[in-house]
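Observations on the model geometry
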Amino acid sequence: MAGYKKLFKRLFLFLLTAFLLLMLAIAIALNFVFTPEKITPQIVELINKNVNATVTCQTIDPAFFSTFPNFSITLKNGSIVNYKVLKDEKLVEFKNDTLAKFESLQLTFNLIKLLQNKEVDIKKASFINPEIHALINENGFANWNILKTSESETEIETDTTSIDATKYLKTFNVDKLEIVNANLHYEDLFTKALVDIPVLNLDLTINKNEEGVDLNVNTNGLDIVFIKDEVRFLNKLKLTLKTDVNYNKQNKELVFGKSILNTNNIEFLADGNIKINKPEKQVFTNLNLRLNVPSLKTFIDLIPENILEYKKDLITEGEVVLNAHIIGAYGKDVFPDINAQLNIENGSFKFKNFPGEIETFQADITSTIDFNTLSNSNVTIDKLELKGTGIHLNSKGTITNVIQNASVNASLNGDIDFTKLKEAFPINKNIDASGIAKVDFKTSFTKKAIINQDYKRINASGTMLLKNVNLHHKTEDFKFQSQNADVIFGREFTSEVNNDLNGRIDFKGLTFKYKNKHQLTLEYLNLVLDTQVQASDNKTLHAEISLKDLNYAYGDSIKGMIKNSHAKVLFKSTAYKKRPLIVSQFTIDSVAIWGYKRFIGMKNGNYNLTFENDETKHWQPKGSVEFNALYVNTPKFPLLLEMKQTVVSIKNNDLLLNKAAFKFGNSDATLTGKVSHFIASLQNKKDFEAELNLDADYIDTNQLMSILNSKQEASTEIIDPNTIKTDTTATSKKSTFIVPDNIQFTFNTNIKKVRFDNLDFTNIHGLVTLKNQELDLQNLYLETLAANIIASLNYKAKTEDEAEINYKMNLEHIQMKNLTALFPTLDSLFPMSKSFDGKVDFRMKGSAKLNKDMHVLIPSVKSIAALQAKNLIVFDSPTFAEISKTLMFKNKERNLIDSFHVEMSIENSQLEIFPAELTLDRYRIAAGGIQNLDKTYNYHISILKSPVPFKAGVDVLGDFEDYNIDITKAKYKYYFTEKERLLNKADSTVINKKLSIQKELDF
């Protein structure tokens, strides 16, 4: 016996050692051999060989010990992109789309079965935070059918060199599927249905048997949306489903066993079956839903505790039936019928220790939704009554043709004493309720009648009264108060036997607040409605509105107010294919809107506007708006814009201005003209286009450039217009700006004074265009103290750091000393201009780049220029004195040049002065040369005529501090002669350049 024990002990130790060695080997393999970096590309390639899709992932992590005895791999940050689907066991092309993106996909499987039996036995597949886009295309093919099968592989696979994994993966099995926090978008183009589930969780257990598969389903979703044929049937639905499903593969039938379905906290029992008809691409559904606990308490429990307390002390009586039946085929152009019923008989309830009681609670409501014959869809309320302490309400009605053109015929009558309700029932202690409401109302209308304003088919009659109603929920921050509200419609208003939309609505002392989202106060509102029959038997609706002290705020971001307003509005019918029409007249004492650092305010406004519904179902306004004062401020133009005593007209979607006076910052302007398709531009559907005459007394371009270059962003801050400064010296510095990309403006200008940099221009007139993010000036005339200017300029900037300009300038009778003041660039390139005095005519054409301070980047300048002058004085200077001494000029402080014509070229930071003839003292000379950006120069002066009986030249080389003067040959002696023989000896290239500049500048 002792020998057996010793044998067993050794055997146990051997097995334990072997097991530990095996575990050690696996650990070494997983950590050093099968690392994520090595196995990720191989496994991804293997997966892609065996699916009709492209699978990608960042890494694949293997694991063994955490899932022992199974093996697992985790794919992280991956996606599945579909490109083909199976059709009749053949692959057909499919629109590339992303089937799924996932944060993590963990597959746990039996490694031994995979190695021995050539079987994929997945114990659990877990998707974590996936985004799933399930799509059925127009032909009925699903994008999730991506697994390759061995039967179809011979037809699918054409690449004989690829790895054929299906030859050894005989069967594929999944025991459990888990989806956590998925975002599902399901789109069925075949049946025109759409489902969105932003939050979806699924726990699915799968058990195979000989007949098929048994499924255990536990799923829930939030904010579910269902749309069919562009009609929204479900919105923000909360759903939980627990069910057992059996799938019979021979009958292709899903049978639902005991199922619990919870929708928005109403719990149903469900059962039924779904049968698949693959040839017809349809499924036949037969599902039943019934209330799990058929009790009135089930409904009352839906009322939140923050409204109704002590529901544990609730005592109810009565029978409740709530069920639904979904039956029919689902496929292309067919959809199951949905029938529902709610019936409450002999219902009543009360609470222990509270005096109140609802004695009667009855309901009989049925509905049918028929997607196949839309006109058969309807809702019928045969009875809905609630009667008890402080309340008595009765309602009935029908809604026919629910989907296509809902036709409503309904009535409501009764009264509510909020004071009694608060005293008699366990209303939450944080709720204050008081006042009385009475209603007796009937109405009938159709959906199309509302849309088309066909008032012949909109009827209403009855009364509603609110007296000192106060509803205040302190914890929910909800408040509704009405000192008095009186509504009268129909025969009660006109004393005639009709139910037309005639009536009166009076509100006094209205307050509404919901948390920090909506706040509204209204001192007084009176609305009178009158329906009139026209000769065509159409009806028009007249409305007269009086309003006092309306204030509204949306959180901390938007605020609006109307002080006093009176309006007359005419709504015209659209019967006989006429377009809907609204004609309105408004008078407003003052109105203002604040929001997102924007402000618009108006005083003493009068409006005459007509709104017509166009072919696209959009309202198009026309008419006029007149006001005494308008104030506007936006982040993109953070100066307060003021308009005084202006009439603005709207016609054909255009805004028409007639001497509209504006003041903004230091500037003012008067505009006359048209802003095209103004409404569409405000909606960002089209660019702003305008043709305007601009008259102004003063424009501060420095301030405007700084404003256009400002980087203020919209925020939720509500600004006070009184804090907006109209004159800010901080913004008076010029800077580059980007012309907005959504404007195309043309201005015919007539401006008395413009400030640019430190210069003042006067009497400006000409054409200014803003288009394609460019500023264009065409033959703009300007006057300065120095000269009169005719300028054409094109400006464009792609960034805020640099701009490009193309220009052409004509200056007449400008003082030479002021030339560099107008064109500071010449101070660097032509410094000797300071040595001259007198008036000149100057023309220049070229291009350049500007830095963010609007200063010219001299290396970028590429220009031609020409200058003409008479009686020009040359001041004495060290350089000129040295030249005078060399050439034996008479010693004078002021030397007169009779005439001077010179052409110049600026490029590569150099000013080239082409040979120019001038008369100085007793000499006729020709001068020209190069002036560099570093103020060095290389000039040559040729003596053409002098008291000395010979011709010579002088080279002047260096800078103003250090220069050399050498006597040389006269290089320019052939350029200025009437003798053709001598002229032919001159450099024709230089002569041609001079002639080309004169021709291009028309000088």
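Each value, and the rule that gives it
- Residues numbered from 1 in each chain as written.
- Predicted model: local features only at pLDDT ≥ 70, side-chain atom pairs only at ≥ 80, totals over all residues.
- Heavy atoms only, no water.
- Helix = DSSP H or I, 4+ residues; strand = E, 2+ residues; numbered from the N terminus.
- Buried < 20%, exposed > 50% of the residue type's maximum accessible area, 1.4 Å probe, protein only.
- Contact = heavy atoms within 4.5 Å.
- Areas by Shrake-Rupley, 256 points an atom, 1.4 Å probe, with all protein chains shown as cover.
- Patch = residues over 30% accessible without salt bridge, like charges linked within 9 Å, V, L, I, M, F, W, Y side chains within 5 Å.
- Salt bridge = Lys/Arg side-chain N within 4 Å of Asp/Glu carboxyl O.
- Lys, Arg positive; Asp, Glu negative; His and termini not counted.
- Charge placed at Lys NZ, Arg CZ, Asp CG, Glu CD.
- Core = buried A, V, L, I, M, F, W, Y, C linked by side-chain atoms within 4.5 Å.
- Pairing = 2+ DSSP bridges.
- Expected span 1.5 Å × (residues − 1).
- Arc of directions from axis to C-beta.
- pLDDT = per-residue confidence, 0-100.
- Phe/Tyr/Trp six-rings, centres within 6.5 Å; stacked < 30°, edge-to-face > 60°.
- Lys NZ or Arg CZ within 6 Å of the ring centre and 35° of its normal.
- Polar contact = N/O pair within 3.5 Å; in protein donor to acceptor, adjacent residues only side chain to side chain.

1. A few points about the overall build of the protein
Within the protein, the regular secondary structure consists of 16 helices and 49 strands. The 1003 residues of the protein split such that 42% are buried. Within the protein, contacts between residues at least 6 apart in sequence are counted, and of these 52% link residues at least 24 apart. When the accessible surface of the protein is split by element, carbon and sulfur atoms take 54% of a total near 54,700 Å².

2. Overview of a negative patch on the surface
On the surface, Glu210, Glu211, Asp214 and Asp244 cluster together into a patch of negative charge. As for its placement among the helices and strands, Asp244 is situated in strand 11 (residues 231–248).

3. Notes on the nonpolar core
Taken as a class, soluble globular proteins show a tendency for nonpolar side chains to be buried jointly. Tyr795 and Phe900 are the most contacted members of the largest nonpolar core, which totals 133 residues. For this core, the element with the most residues is strand 40 (residues 802–815), which contributes 6 residues. Discounting chain neighbours no more than four positions away, the residues touching Phe900 are Leu867, Gln868, Ala869, Leu872, Ala916, Glu917 and Leu918.

4. Considerations on the side chain of Asn428
Mapped onto the fold, Asn428 is located in the loop between helix 7 (418–424) and strand 21 (431–446). On the basis of relative accessibility, which here comes to 6%, the residue Asn428 falls in the buried class. Setting aside anything within four residues of it in sequence, one finds Asn428 in contact with Glu305, Asn306, Ile307, Glu309 and Lys422.

5. Some words on the pairing of strand 10 (residues 212–228)
Of the pairings in the sheet, the one linking strand 9 (residues 193–208) to strand 10 comprises 14 bridges and is antiparallel in character. When the bridges of strand 10 are listed, Val195 appears paired with Phe226. In sequence, strand 9 turns back onto strand 10 through a hairpin of 3 residues. Bridging between strand 10 and strand 11 involves 14 bridges; their strand directions are antiparallel.

6. As for unusual backbone geometry
Phi at Asn604 is positive, roughly 50°, even though this residue is not glycine. Structurally, Asn604 is set in strand 29 (residues 598–613). Asn604 gets classed as partly exposed once you look at its relative accessible area, which sits at 36%. Even without being glycine, Lys659 reaches a positive phi, approximately 55°. Take Lys659: it is sitting in strand 32 (residues 654–664).

7. What to know about helix 16 (residues 988–1000)
Helix length check: helix 16 (13 residues) gives 18 Å between terminal C-alpha atoms against 18 Å at 1.5 Å per residue, within 8%. Listing the buried residues of helix 16 in full gives Val990, Lys994 and Ile997. With its buried residues spanning 65° around the axis, helix 16 presents them on a single face. Backbone geometry just after helix 16 places Asp1002 at a positive phi near 50°.

8. Side note on the confidence of the model for the protein
For the protein, per-residue confidence averages 79 on the pLDDT scale, and residues scoring 70 or more make up 78% of the total. Predicted confidence is poor over residues 712–721, with pLDDT under 50, and the contacts of this stretch with residues over four places away or in other chains come to 29 contacts.

9. Description of the side chain of Asn810
Examined against the element boundaries, Asn810 turns out to sit in strand 40. Given a relative accessible area of 18%, Asn810 falls into the buried group.

10. A look at the environment of Thr919
Relative to the helices and strands, Thr919 is located in strand 45 (residues 910–920). Measuring from C-alpha to C-alpha, the distance between Thr919 and Lys945 comes to 9.1 Å, with 26 residues separating the pair along the chain. Here Thr919 is in contact with Leu896, Ile897, Asp898, Ser899 and Arg924, once residues within four sequence places are set aside.

11. A few points about the pairing of strand 19 (residues 391–400)
Taken together, the 9 bridges between strand 18 (residues 378–388) and strand 19 define a ladder with antiparallel strand orientation. Within strand 19, the residue paired with Gly388 across the bridge is Ile391. Summarising the sheet, strand 19 and strand 20 (residues 407–417) pair through 10 bridges and their orientation is antiparallel. In the sheet register, Ser395 faces strand 20, and the bridge partner there is Leu412.

12. Considerations on a positive patch on the surface
Among the surface-exposed residues, Lys951, Lys969, Lys973, Lys979, Arg981 and Lys985 lie close enough to one another that they form a single positively charged patch. When you line up the elements, Arg981 lands in helix 15 (residues 980–983).

13. Looking at the packing of aromatic side chains
Using the criterion set out here, one finds 13 aromatic pairs in the structure. With a centroid separation of 6.4 Å and an interplanar angle of 90°, the aromatic rings of Phe349 and Phe351 are classed as edge-to-face. Note on accessibility: Phe349 and Phe351 belong to one class, buried. Every member of this aromatic cluster is reached through a ring pair, and the members are Phe226, Phe233, Tyr330, Phe335 and Phe371. Taking the ring centre of Trp594 as reference, the NZ or CZ of Lys559 above it sits at 4.6 Å.

14. Overview of the environment of Ser565
Positionally, Ser565 belongs in strand 27 (residues 558–572). For the pair Ser565 and Leu547, spaced 18 residues apart in the sequence, the C-alpha separation amounts to 5.1 Å. Beyond its immediate sequence surroundings of up to four residues, Ser565 is in contact with Ile545, Ser546, Leu547, Phe586, Thr587 and Ile588. From its side chain, Ser565 meets the backbone oxygen of Thr587 in a polar contact 3.4 Å long.

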